[in-house]
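Listed below, chain by chain, are the residues.
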Amino acid sequence: MESDGGRVQDCFKALFKFLSENGNIYRINTEQLGVYAASANVGQSASYLMSQEAYKGIKAAVLYYGFGTPLPWPYRRDLPVLFVAAEGDMRRANFSTLWNEVLKNNAPWTIKMGTG
């Protein structure tokens, strides 16, 4: 999806509203969706995915690189997330707060480091 950088959450809501209303036309199983976000989109995507407003048909997520910041609410325990961190980002960003929140919330995240 393309989104307006100032209205990312609204764009997510509009996307999933469209899918819920029209997914069958495009042969999309709207109850078994995965979300992929990369780089600068990771923070806003994680914020949406972990919120109570997230579309209920989202069953998995991949967050690729980007800087994850702790969210102001609990991480979902029903959403498996693959988070890939870039080795180069590890030197510039402190991921320990994010990892601690994932562990504290017993969230089903798999965290991998992309090297090289």
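Residues numbered from 1 in each chain as written. Predicted model: local features only at pLDDT ≥ 70, side-chain atom pairs only at ≥ 80, totals over all residues. Heavy atoms only, no water.

A. Spotlight on helix 4 (residues 96-104). Among all positions of helix 4, only Leu98, Trp99, Glu101 and Val102 are buried. Buried residues along helix 4 cover an arc of 160° about the axis, so they all sit on one side. What points out from helix 4, more than 90 degrees from its buried face, is the exposed set Leu103 and Lys104. Among the residues trailing helix 4, Asn106 stands out with phi positive, at a value near 50°. (Buried < 20%, exposed > 50% of the residue type's maximum accessible area, 1.4 Å probe, protein only. Helix = DSSP H or I, 4+ residues; strand = E, 2+ residues; numbered from the N terminus. Arc of directions from axis to C-beta.)

B. Highlighting unusual backbone geometry. For Arg27, which is not glycine, the phi dihedral falls at a positive 60°. Relative to the assigned elements, Arg27 resides in the loop between helix 1 (8-22) and strand 1 (33-38). For Arg27, a relative accessible area of 80% gives the class exposed. One non-glycine residue, Asn106, lies in positive phi territory at about 50°. Looking at the secondary structure, you find Asn106 in the loop between helix 4 and strand 4 (109-114).

Distances and angles like these do not, on their own, reveal function.
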